[in-house]
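Structural overview for review
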Amino acid sequence: MVQSLLALAPTLIVIAFFLLGPFNWSRHRSWSRAVTCAFVAAIALRYMLWRFTETVLPYPNDGPNFYWVWFVFIVEFLAFSEVVLFLILMSRYVDRSAEGNRLERQFFERDERELPTVDVFIPTYNEPLDVLERTIVGALALDHPKDKLNVYVLDDGRRDWLRTFCEGRGAIHVTRSDNAHAKAGNMNNGLRVSSGDFIAVFDADFVPYRSFLRRTLPFFMDDTIGIVQTPQHFFNVDPIQSNLGLENLWPDEQRLFFDEIAPSRDGWDVSFCCGSCSIARRKAVDAIGGFPTESITEDLLTTLSMLNRGFKTRYLNERLSMGLAAENLTGYFVQRERWCQGGIQTLYLHNGPLRGPGLSLFQRVMFLPMSWLVQYLVRFIVLLIPIVYLWFGALPLYFTDVADYVSNQVPLLAAYFLLMFWLTPTRYLPLVSTAVGTFSTFRMLPTVLSSLVRPFGKPFKVTPKGSSNEANVFDAYTFTWIAGFIVVTALGLLINIVPETARVEGSFSAIAALWSGINIVVLIIASLICFEKQRRLLQAFKLDEPVDLDGVEGRLVSLSLDKAVVAVSTETRFKSTKVRLNIEGFAPLEADLKQVTQRRGDITRTGDKQRYYLHLHYDLRGFERDKMIIKLYTGRYSRDVPDIDKIAVSVNLLLRAFGRTRTA
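Nothing here was measured: the structure is a model prediction, and the numbers come from that model. (Residues numbered from 1 in each chain as written. Predicted model: local features only at pLDDT ≥ 70, side-chain atom pairs only at ≥ 80, totals over all residues. Heavy atoms only, no water.)

1. Considerations on the overall build of the protein chain
- The number of helices and strands found in the protein chain is 21 helices and 15 strands.
- Against the globule reference of 26 Å for 664 residues, the protein chain gives a C-alpha radius of gyration of 28 Å, in line with a compact fold.
- A principal-axis box enclosing the C-alpha atoms of the protein chain has dimensions of 80 × 70 × 50 Å.
- A fraction of 79% describes how many contacts in the protein chain between residues 6 or more apart in sequence connect residues 24 or more apart. (Helix = DSSP H or I, 4+ residues; strand = E, 2+ residues; numbered from the N terminus. Rg over C-alpha atoms; globule rule 2.2 N^0.38 Å. Contact = heavy atoms within 4.5 Å.)

Set out below in structure tokens:
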């Protein structure tokens, strides 16, 4: 009993530290971050010293298990190195909104004629009109003098219908004779036909808010700033949210990076361009010879090339655009494999973190693609360790007793999870985050290995988006891997329950059983992501605005480019299914009344208070459609999930996992 309490003492100290300290401190203060991250780093160092001196060095050189122990330790040391870099990075945080307010007042005090000229680049290859129209219309609506703003649609698909659309809206349609160097080559061609002082870049599926230039241009009053990057937000759910059934409970996967990690990188002056939703100084781009073409991630390499020349990247953590997240798993992996390969490519380039001139040692370290190189290998080994033990009896370490293990590893896990809860309270839940990482491992680990061996072996591949995107798919490849690991782990547990077939013995068996159980739960949740769900391209925005419907007052509660949902207090009877919808700022819309519904919470015993929801469909054309795009996509609305409802997420996942398992 006493020994058990002593083993738990370090964990209790960790919990007490967070309860008395960080959970009462502001997570956006540098001092509180530095103290907390230093404490967690000390716990991690304590663990690694124990691992090396007590569980690795004492292990006898008695055959294959000796090499397995050392291999596991080396992988764990890589994970430790990544965690230390993460702790250093997250020990700072900067919010530049207040600075942006001050600079905006100064910048726009000048005469309008003195404002700089801006070219907006929209590189496109095969995106359909229903994707491109939003971006083009939104870019043309930017709040900037029209004689100082040019929108260039850089069309590597050389489409006549797109030229016609651009001419009708006032955008400049640009093509070239070939598609050399993909997106980077396309933008370099744009440089040759444009002359603006600044270049704003939006991927074909991102719509800038009208205030984008007002908020970003003032930062360039500092001549050392080469790029200002803003976060990427989305108006649709990504496949992780959708396939897990967490559309309204869990934020999109990229929020952790853009909301938390990117501001911390900016605090250390190691922020980097993410391509879309950024703006660059033309003189800085010219100084590096245009957008680099050596890597398939030209945005990251542009940042490194500018750092080589003494320019800086700034990150303004404000919602200034919206775009399409990857709509299915095919697009999801196309994106991430490109990012992974491009990050690893920089290791081999003359302007990368290892060889690029003008970089400090700290910058070189912080631009190493450690996350890509380490995270998937670590996750794979975490799944593999209990299997190797249960089937072959191979211990991953020189094991003393359970109390010693609990005393050293549990405090580290507690410290890391509590740190993440504190740093990212609305962006992190261990079970879901681990399951998402595990799901990605089976496709991304081969990409990491192939990129290390042949970094330039795969060409640039455009992420499929919009109505031209392929239909729903079932990710059979990943599911097969996941199912295989579940079966092998579960069978390993079963054969060791029966004494006649047991392959292992000793106190580590209890830890292996717990480890295996956690792995199985994580894998089951990960398997849910493999099943695609149907999603609409034209996402509706939730709102609450007055509206008139054939003289009946109602509340507009949902709106998209092709549909509106209007709430009325009584079951209004219309003479026809054709009704006139009057939205402020628009000509009356002729809409088809397709459906009348009620929501359970709105049904009361008194009929006069019941709310009915009228589902209206319409077909907007021309400039009326453009006006609706501007209304919906350029700054007034969003579809954020502001907080994680941890209980709702957990219950939802358990029900889905149980239902899927029972069906299977």
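2. Focus: the pairing of strand S6 (residues 225–229)
- For S6, a buried count of 5 out of 5 residues is recorded, marking the element as mostly surrounded by other parts of the structure.
- As defined by bridge partners, S6 adjoins strand S8 (residues 312–315) across 4 bridges and the pair is classed as parallel. If you follow Ile 225 over to S8, its bridge partner there is Lys 312.
- Sheet topology places S6 next to strand S7 (residues 278–281); 3 bridges connect them, and they run antiparallel. Paired with Gln 229 across the bridge in S7 is Ser 278. (Buried < 20%, exposed > 50% of the residue type's maximum accessible area, 1.4 Å probe, protein only. Pairing = 2+ DSSP bridges.)

3. Comments concerning the sheet that holds strand S2 (residues 149–155)
- Read across the open sheet, the 7 strands follow the order S3-S2-S1-S4-S7-S6-S8; overall the sheet is mixed. Only two strands of the sheet have a single partner each, and these edge strands are strand S3 (172–174) and S8. Sheet twist, expressed as the average angle between the axes of neighbouring strands with direction ignored, equals 25°.
- As paired strands, S2 and S3 are joined by 3 bridges and run parallel to one another. By the bridge assignment, Tyr 152 is partnered in S3 with Ile 172.
- Across the sheet, helix H7 (residues 182–193) lies against strand S1 (118–124), S2, S3 and strand S4 (198–201), angled at about 145° from S1, the strand it touches most. (Axes fitted to C-alpha atoms, helices over the stretch in contact; angles between N-to-C directions.)

4. Considerations on the packing of helix H5 (residues 129–140) against helix H6 (residues 160–169)
- Direction vectors running N to C along H5 and H6 enclose 25°, while the axes themselves pass 11 Å from each other. Relative to H6, the element H5 lies roughly parallel. H5 and H6 meet at a crossing whose hand is right-handed. Only Trp 161, Leu 162, Phe 165, Cys 166 and Arg 169 of H6 make contact with H5, whose side of the interface consists of Leu 129, Leu 132, Glu 133, Ile 136, Val 137 and Leu 140.
- Counted by class, the contact of H5 with H6 contains 9 nonpolar, no polar and 2 charged residues. (Parallel < 35°, antiparallel > 145°, perpendicular 65-115°, else oblique. Left-handed = near helix turned anticlockwise from the far one by under 90°. Nonpolar A, V, L, I, M, F, W, Y, C, P; charged D, E, K, R; others polar.)

5. Details of a nonpolar patch on the surface
- On the surface, Leu 8, Leu 12, Ile 15, Leu 19, Leu 20 and Phe 23 cluster together into a nonpolar patch covering about 580 Å² of accessible area.
- You can see Leu 12 is positioned in helix H1 (residues 2–20). (Patch = residues over 30% accessible without salt bridge, like charges linked within 9 Å, V, L, I, M, F, W, Y side chains within 5 Å. Areas by Shrake-Rupley, 256 points an atom, 1.4 Å probe, with all protein chains shown as cover. Salt bridge = Lys/Arg side-chain N within 4 Å of Asp/Glu carboxyl O.)

6. Comments concerning the sheet that holds strand S11 (residues 552–559)
- As summarised here, the arrangement of the 6 strands in space is S10-S11-S12-S15-S14-S13, forming a closed barrel in which the pairing is antiparallel. Mean inter-strand twist for the sheet, computed between neighbouring axes without regard to direction, equals 45°.
- Sheet analysis places strand S12 (residues 563–568) next to strand S15 (residues 612–617), joined by 6 bridges and oriented antiparallel. Its bridge partner being in S15, Val 568 is matched across the sheet by Tyr 612.

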